[in-house]
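# Chains, contacts and geometry: an overview
What follows is the residue order along each chain.
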Amino acid sequence: MVRRIDVTGAGGARLAAWEFTDPPKSGGGTGSAGRGPGVLMLHGLMGRASHWADTARRLSARHRPVGLDQRGHGRSEKPADGPYDREAYVDDAIAAIEQLGLAPAALIGHAMGALTAWQVAARRPDLVSALVICDMRASALGAASQREWTEWFRSWPVPFATLADVRKWFGEDDPTLERPRPVRGEFFAEVMAERADGWRPVFSRRQMLRARETWVYDAHWEELAQVRCPALVVRGLDAELGRAEAQEMVRVLPRGEYAEIPDAGHLLPWEAPDAWYRAIDPFLRTATTPG
């Protein structure tokens with residue numbers, strides 16, 4: 001069963017959290033008691049909590065996995081005036097952990113969600129038991145990267161006539177692709193909604209650029225070094241996070257570990273779900289076991 005739980009984020013923002021395990025049959029309350037250690041899953045830019053459904057199902061036998069639609073994404077509020085800065089995203093995640101009774105929680109983050117996760121772990125170590133960082137760089141990406149994203153957003157042939165067109169463009173026709181990636185097409189089909197004129201993203205591309213510009217110009221090594229819990233850095237062989245940088249992140253993390261998944265790129269949890277789960281499951285079992 002998947003159920004929605006409303007969370008009040010920073011500045012009163014209405015956020016949608018999605019729990020992927022049944023509530024306890026007796027006792028009441030929102031804590032993790034009787035449902036295993038809490039896990040908060042944070043999607044990347046343009047993602048949504050439902051992208052974590054497969055990972056959550058696999059984890060639910062031993063954990064209480066919850067996905068959060070971060071502000072500007074999914075079913076959560078998309079305030080016109082923001083804020084969409086790092087502080088807001090971190091405060092939202094902290095609010096979710098506390099209001100859902102997940103602490104101490106394992107945080108699993110993909111891309112921007114991974115940055116949010118390690119910033120939460122650095123600021124509030126009392127709330128975090130373990131950290132999984134999936135394909136997010138600690139180095140500054142710079143102005144050129146932001147310009148590339150701006151041009152990429154402009155290239156989208158919106159509105160799409162059908163979901164099949166969404167899948168084809170993002171999986172095959174997108175000029176930024178080096179080779180077809182059907183999983184990418186499915187990933188983007190999940191963040192589209194039908195409007196009167198066709199299929200459009202559920203998020204504002206302008207807001208996505210605003211969110212991205214708050215971290216793309218800065219490096220985040222100092223916060224990484226402040227993470228005290230066990231942390232696993234996972235990358236795909238064809239991912240955006242290079243091997244050398246990933247291994248340096250592991251070195252900087254006081255309790256860092258490393259995992260690499262072949263035949264996977266930026267969307268590695270969805271391109272190689274079995275290998276992804278084999279990487280994170282033993283780590284989470286060890287890191288979230290008391291004693």
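The preceding data block contains the structure.
Structure report, in brief. Just so it is clear, the model here is predicted, and its values are computed rather than measured. (Residues numbered from 1 in each chain as written. Predicted model: local features only at pLDDT ≥ 70, side-chain atom pairs only at ≥ 80, totals over all residues. Heavy atoms only, no water.)

### Some points on the pairing of strand E10 (residues 256-261)
Note the cut-off: DSSP bridges decide pairing: two strands pair if at least two such bridges lie between them. Under the DSSP-based scheme used, a helix requires at least four consecutive residues in state H or I and a strand at least two consecutive residues in state E, with every element numbered from the N terminus. Assignment of crossover handedness uses the view with strands pointing away from the viewer, where a clockwise path from the first strand over the helix to the second indicates a right-handed crossover.
The sheet contact formed by strand E9 (residues 231-236) and E10 spans six bridges and is parallel. Paired with Val 234 across the two strands is Ala 259, which belongs to E10. Once the chain exits E9 it traverses helix H9 (residues 243-252) before rejoining the sheet at E10, and the crossover so formed is right-handed.

### Let's talk about helix H6 (residues 182-189)
This is how the line gets drawn: Buried residues are those whose accessible area, probed at 1.4 Å on protein chains only, stays under 20% of the maximum for their type, while exposed residues exceed 50% and partly exposed ones sit between those limits. Every residue pair with non-hydrogen atoms within 4.5 Å of one another is taken to be in contact.
Within the span of H6, buried status applies to Arg 184, Gly 185, Phe 187, Phe 188 and Ala 189. In this structure, the buried side of H6 is in contact with helix H4 (143-155), helix H5 (163-173), strand E7 (192-195) and helix H10 (268-271).

### A word on the packing of H4 against helix H7 (residues 205-213)
As a reminder, the rule being used: Between the N-to-C directions of two axes lies an angle of 0 to 180 degrees, each axis being a line fitted to C-alpha atoms and, for a helix, fitted only over the stretch in contact. Should an angle lie under 35 degrees it is considered roughly parallel, over 145 roughly antiparallel, and from 65 to 115 roughly perpendicular; all remaining angles are considered oblique.
Contact pair H4 / H7: the axes reach a minimum separation of 11 Å and the direction vectors enclose 170 degrees. When the interaxial angle is binned, H4 and H7 end up roughly antiparallel. On H7, the residues that touch Ser 145, Gln 146, Trp 149, Thr 150 and Phe 153 of H4 are Arg 205, Met 208, Leu 209, Arg 212 and Glu 213.

### Some remarks on the nonpolar core
To keep it simple, the criterion reads: Nonpolar cores are built from buried Ala, Val, Leu, Ile, Met, Phe, Trp, Tyr and Cys residues. Side-chain atoms within 4.5 Å join them into one set.
Among the nonpolar cores identified, the biggest contains 100 residues, and Leu 40, Ile 108, Trp 118, Ile 133, Trp 156 and Trp 276 are the most heavily contacted of them. For this core, the element with the highest residue contribution is helix H3 (residues 112-123), accounting for eight residues.

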